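# Breakdown of the fold
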Amino acid sequence: MTRIALGIVWVARLLPLRILSALGSLLGLILYHCGAHRRRVALVNLKLCFPDLPPQARARIARTHFMALARSILERGILWWSSADAVRRLVRIEGEEHWRAVAHRPIIVLAPHFIGFEMGGIRIHLDHPMATMYSRQRNSALDKLLLHGRTRFNESRVYSRQDGVRPIVKALRSGLPLFYLPDMDFGARDAVFVPFFEVPAATITALSRLAAISNAAVLPCITRQLPGAQGYVARLYPAWEDFPGADAAADARRMNAFIEDRVREMPEQYYWVHKRFKTRPPGEPKRFYED
């Protein structure tokens, strides 16, 4: 089944973007109505993060999220198999002056899990050598393809989370920028519980540690999916000042607050199908995603 799906993505990349966008949105509607489990996860997350919104409004965000997510999956075929020029046409970059301002230092590109993060990461990789971390996929074909997509342009180093931080620190100290996504629930290990939309969330503190050890600048990057044939825009923000601070929990809260602000700008594009609040503080029952 995975190989069939990947074959569809391979063929779909040849279509004009406006058609690819429409097909992706249609596929997302189908997945929203048929994928009961992930739909429920998204709705639970939205209820936790936006409790004041009416249920109909949260359902509308979830439905639009599935449409945007499915579209991004179809369009990844361009990242994985099309030319560098095609990737440049798909994704443009804003805020490159912020990169140039810290180019004399090691750079950590902070890229939260918005649905376009893969587009932004590979587009930046066209212009800069890059290191990144990833989670090994259970499906070997998908795992191989993700590695291929993230290493086909420029100098690349891809590390599994199981490898630990030592090779990452070595790469940063050698001058290789790191594309880093630290906003998922990886369990309580190396994490602190800080609010994400006022809900305690297990948030890893490796961003602070990596920045401190390597003297790296933390440069946020948010990639927005644009309507129809307009593709994506990867926006670089100014490097954070006075980061890391003296308190890793405060640093983690600062990161979450930044992500919250970006989520409010485009709530349908955050990765709501992930169980962000699965790990709970000691003594609190695991209840959010239970059927």
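You'll find the structure just up there.
Described below are features of the structure shown in this document. The structure presented is a predicted model; accordingly, all values stated were derived computationally and were not measured. (Residues numbered from 1 in each chain as written. Predicted model: local features only at pLDDT ≥ 70, side-chain atom pairs only at ≥ 80, totals over all residues. Heavy atoms only, no water.)

With that settled, consider the nonpolar core. Of all hydrophobic cores here, the largest spans 56 residues; its most connected members are Ile 108, Tyr 180, Leu 207, Trp 272 and Phe 277. Leaving out residues up to four positions away in the same chain, Trp 272 has contacts with Val 41, Ala 42, Asn 45, Leu 46, Cys 49, Phe 50, Ile 61, His 65, Val 263 and Pro 267. Of all hydrophobic cores here, the second largest spans 35 residues; its members include Val 9, Ile 78, Ile 107 and Leu 146. (Core = buried A, V, L, I, M, F, W, Y, C linked by side-chain atoms within 4.5 Å. Buried < 20%, exposed > 50% of the residue type's maximum accessible area, 1.4 Å probe, protein only. Contact = heavy atoms within 4.5 Å.)

Here the focus is the environment of Gly 175. Take Gly 175: it is sitting in the loop between helix 9 (166-173) and strand 5 (178-180). Judged by relative accessible area, which is 52%, Gly 175 ranks as exposed. Each C-alpha atom of the pair Gly 175 and Ile 107 lies 7.9 Å from the other, and the pair is 68 residues apart in sequence. (Helix = DSSP H or I, 4+ residues; strand = E, 2+ residues; numbered from the N terminus.)

Turning next to unusual backbone geometry. With an omega dihedral of 0°, the bond running from Phe 243 to Pro 244 counts as a cis peptide bond. Positionally, Pro 244 belongs in the loop between strand 9 (232-236) and helix 11 (248-265). The phi dihedral of Asn 215 falls on the positive side, at around 55°, and the residue is not glycine. Here Asn 215 is to be found in the loop between helix 10 (206-214) and strand 8 (217-225). With a phi angle near 55°, Asp 242 is a residue other than glycine that sits in the positive phi range. Along the polypeptide, Asp 242 turns up in the loop between strand 9 and helix 11.

With respect to the helices and strands, His 125 occurs in helix 7 (residues 117-127). Take His 125: its relative accessible area is 4%, and that puts it in the buried class. Sequence-distant contacts of His 125, defined by excluding residues within four places in its chain, comprise Met 130, Arg 150, Thr 151, Phe 153, Asn 154, Glu 155 and Ser 156.

Counting across every chain of the model gives 13 aromatic pairs. Where Tyr 32 meets Phe 66, the ring centres are 5.5 Å apart and the plane angle is 75°; that geometry is what we call edge-to-face. Remark: Phe 66 occurs in helix 4 (residues 55-81) and Tyr 32 occurs in helix 2 (residues 17-34); sequence separation between them is 34 residues. The exposure classification of Tyr 32 matches that of Phe 66, with both residues buried. Centroid distance Phe 50 to Phe 197: 5.1 Å. Interplanar angle 55°. Geometry classified as tilted. On the criterion of sequence distance, the pair formed by Phe 50 in the loop between helix 3 (36-49) and helix 4 and Phe 197 in the loop between strand 6 (191-196) and strand 7 (199-204) is long-range, its members being 147 residues apart. Each of the two residues, Phe 50 as well as Phe 197, counts as buried. (Phe/Tyr/Trp six-rings, centres within 6.5 Å; stacked < 30°, edge-to-face > 60°.)

With that settled, consider the environment of Arg 3. Residue position: Arg 3 is located in helix 1 (residues 2-12). Each C-alpha atom of the pair Arg 3 and Ala 101 lies 43 Å from the other, and the pair is 98 residues apart in sequence.

Interhelical geometry of helix 3 versus helix 4 gives an angle of 130° and a closest axis separation of 9 Å. By the angle between their axes, helix 3 is oblique relative to helix 4. Read as a crossing pair, helix 3 and helix 4 show a hand that is right-handed. Packed against helix 3, whose contacting residues are Arg 38, Arg 39, Ala 42, Leu 43, Leu 46 and Lys 47, the element helix 4 presents Arg 58, Ala 59, Ile 61, Ala 62 and Phe 66 at the interface. Within the contact of helix 3 with helix 4, the residues separate by chemical class into seven nonpolar, no polar and four charged. (Axes fitted to C-alpha atoms, helices over the stretch in contact; angles between N-to-C directions. Parallel < 35°, antiparallel > 145°, perpendicular 65-115°, else oblique. Left-handed = near helix turned anticlockwise from the far one by under 90°. Nonpolar A, V, L, I, M, F, W, Y, C, P; charged D, E, K, R; others polar.)

To continue, consider the pattern of salt bridges. Following the criterion strictly, the structure yields 11 salt bridges and no others. Between Glu 94 and Arg 92 there is a salt bridge whose closest N-O contact spans 2.8 Å. Exposure remark for Glu 94: the relative accessible area of 33% places this residue in the partly exposed category. Residue classification places Arg 92 among the partly exposed residues on the basis of a relative accessible area of 42%. The residue Glu 284 makes a salt bridge to Arg 287 at a minimum N-O spacing of 3.3 Å. When salt bridges with common partners are traced through the structure, they connect Arg 253, Glu 260, Asp 261 and Arg 264 into a single cluster. (Salt bridge = Lys/Arg side-chain N within 4 Å of Asp/Glu carboxyl O.)

Contact geometry for helix 1 and helix 4: axes closest at 8 Å, N-to-C directions at 75°. If you check the angle between helix 1 and helix 4, you find them roughly perpendicular. Contacts from Leu 6, Val 9, Trp 10 and Ala 12 of helix 1 reach helix 4 at Ile 73, Leu 74, Arg 76, Gly 77, Trp 80 and Trp 81. Residue classes in the contact of helix 1 with helix 4 are distributed as eight nonpolar, one polar and one charged.

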